Amino acid sequence: MKDLSSRLTPFLASLPVYVPGRPIEDVAHEHGLDPASIIKLASNENPFGPSPKAIAAMEKAVRQLHLYPDGSASLLKKRLAHQLGLEPTNLILGNGSNEILEFVGHVILQPGVEIVVPEFCFAVYPIVSALFGARLVTVPAVDFGANIPAMLQAITPATAAVFLANPNNPTGTRSSGAAIQSLLDGVPRDVLIVMDEAYVEFLDDAVDLLPAIRAGAYPNLILCRTFSKIHGLAGLRLGYGIASPSLIATMEKVRQPFNINSIAQAGALAALEDFDHPTRTRDNNRLGIAYFQQAFASLSLPFVPSYANFILVKTGNGSAVFAALQKRGVITRPMGGYGLPDWLRISVGTPAENARCLNTLREILAEA
Ligand SMILES: *Cc1c(COP(=O)(O)O)cnc(C)c1O
């Protein structure tokens, strides 16, 4: 007799699985460690936590949880639009920018179409591609970074979308303004450009694509941003897409009416009022990246110069080094799943966390 499996969407069988960073509680339990003694430098989270203003606003919002959230998150959208010099009609909010990527899938991906991504792209793009039955076309990287001329060449009449994170996760590389411009101008107008800017706030001289959005110059461009990284609100799940009003209106059709909960709306609104917290985060990150890069150079460990809040380092046998670090209470991210089995990705922590991570790594490598 046939069972339900015969009815399941066929794409599910080969769907890649997203492997998140290990939670502190899990690791504490596994190794019999005090959770307070563990540091997590695995998911590019903000080592300073959320803004105190956001915490206060979220505590207050808890008391109103018997009410449905504002389904269009109008206050937050208005505030965010104002800060970006855009209209609220240029914005769509998601349960993390992950959900924005899924909206993209809903509106543009289906069996028979292709998406073009660079090698070492963010793990969610292949998942979204497979979820909607699209075919993933991976373009080999150059020096770990996106090869934009080759990505343009990979576009065929079947291409529905091009995905690019700038800076990229997990490599920390970034594409130049000229390369980005050539992408915008070289991609046919019927192909969506998904520019993932999850780490854009960490750059001192980011390629600013907001004027292009304001001018309506690229109706086939969507920027994805998030409160998870610079604002330290990864647990809140809030991201947003920035695009032309017509693309946004199309994506709004697939959005659940209450996808942004009231706590998230309150927390994000307050986070946007705190300009010190992102500045402090950026300053700490700049120091942390410099610290790791200098240390890796002096240890003769190859690394990829980073423009984000994490760094990729070649330790050799990444999964063993990851496990040894974890046993000593330092959680990092092994990169085997990205085809980089000799590498680890380390998120920037506080100066004390960075030093602990580095010292532990040095001990482990000396013992090996
Ligand atoms: C962290 C990250 C995001 C953010 O995801 P959220 O769902 O907003 O937490 C998006 N894209 C990339 C490349 C990332 O590294």
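Just so it is clear, the structure is predicted and the values come from calculations on it, not from any experiment.

(A) Looking closely at the sheet that holds strand β5 (residues 159-165). Strand order across the open sheet formed by seven strands is β2-β8-β7-β6-β5-β3-β4, with mixed pairing between neighbours. The two strands at the open ends of the sheet, each matched to only one other strand, are β2 (91-94) and β4 (135-139). When strand polarity is set aside, the average angle formed by the axes of neighbouring strands in this sheet is 20°. Two elements, strand β6 (residues 192-196) and strand β7 (residues 221-226), share four bridges in a ladder whose sense is parallel. Bridging from a neighbouring strand, Ile193 pairs with Leu221 of β7. Together, β2, β7 and β8 (239-242) form the strand contacts of helix α3 (residues 74-84), whose direction differs from that of β2 by roughly 125°.

(B) Structural detail: the nonpolar core. Counting 44 residues, the largest nonpolar core has Met195 and Ile242 as its most contacted members. Setting aside residues no more than four positions away along its own chain, Met195 makes contact with Leu164, Asn166, Ile180, Leu183, Leu209, Leu221, Ile222, Leu223 and Cys224. In this structure, Val124, Ala141, Ala243 and Tyr338 belong to the second largest nonpolar core, which totals 36 residues.

(C) Geometry of the site of the ligand. The environment of the ligand is formed by Gly96, Ser97, Asn98, Phe122, Asn169, Asp196, Ala198, Tyr199, Thr226, Ser228, Lys229 and Arg237. Backbone polar atom of Asn98 to an oxygen atom of the ligand: 3.0 Å apart, as the coordinates give it. Measuring from a nitrogen atom of the ligand, one finds a side-chain N or O atom of Asp196 at 2.7 Å. Protein chains shield 94% of the accessible area of the ligand, which is 380 Å² for the free molecule. Looking at the shell around the ligand residue by residue, the class counts come to three nonpolar, six polar and three charged.

(D) Representation of the packing of aromatic side chains within the structure. As enumerated under the stated definition, the model contains twelve aromatic pairs in all. Their ring planes at 65° and their centres at 5.7 Å tell us that Tyr291 and Phe292 sit as a pair that is edge-to-face. For Tyr291, a relative accessible area of 30% puts it in the partly exposed group. Ring geometry for Phe296 against Phe303: centres 6.2 Å apart, planes inclined by 45°, an arrangement best described as tilted. Residue Phe296 is classed as buried on the basis of its relative accessible area, which comes to 0%. Of the residues examined, Phe303 reaches a relative accessible area of 25% and is grouped as partly exposed. Members of the aromatic cluster, each reached through a chain of ring pairs, are Tyr18, Phe122, Tyr125 and Phe163. Over the ring of Phe310 we find Arg345; its NZ or CZ atom is 5.5 Å from the centre of that ring.

(E) Representation of the side chain of Glu201 in the model. Residue placement: Glu201 occurs in the loop between β6 and α8 (210-214). This buried residue, Glu201, is left without a salt bridge; Arg225 holds the nearest opposite charge, at 4.9 Å. When sequence neighbours within four positions are dropped, the list of residues in contact with Glu201 reads Arg225, Thr226, Ile230, Tyr240 and Arg282.

The rules behind these values
- Residues numbered from 1 in each chain as written.
- Predicted model: local features only at pLDDT ≥ 70, side-chain atom pairs only at ≥ 80, totals over all residues.
- Heavy atoms only, no water.
- Pairing = 2+ DSSP bridges.
- Helix = DSSP H or I, 4+ residues; strand = E, 2+ residues; numbered from the N terminus.
- Axes fitted to C-alpha atoms, helices over the stretch in contact; angles between N-to-C directions.
- Contact = heavy atoms within 4.5 Å.
- Core = buried A, V, L, I, M, F, W, Y, C linked by side-chain atoms within 4.5 Å.
- Buried < 20%, exposed > 50% of the residue type's maximum accessible area, 1.4 Å probe, protein only.
- Near = heavy atom within 4 Å.
- Polar contact = N/O pair within 3.5 Å; in protein donor to acceptor, adjacent residues only side chain to side chain.
- Areas by Shrake-Rupley, 256 points an atom, 1.4 Å probe, with all protein chains shown as cover.
- Nonpolar A, V, L, I, M, F, W, Y, C, P; charged D, E, K, R; others polar.
- Phe/Tyr/Trp six-rings, centres within 6.5 Å; stacked < 30°, edge-to-face > 60°.
- Lys NZ or Arg CZ within 6 Å of the ring centre and 35° of its normal.
- Lys, Arg positive; Asp, Glu negative; His and termini not counted.
- Salt bridge = Lys/Arg side-chain N within 4 Å of Asp/Glu carboxyl O.

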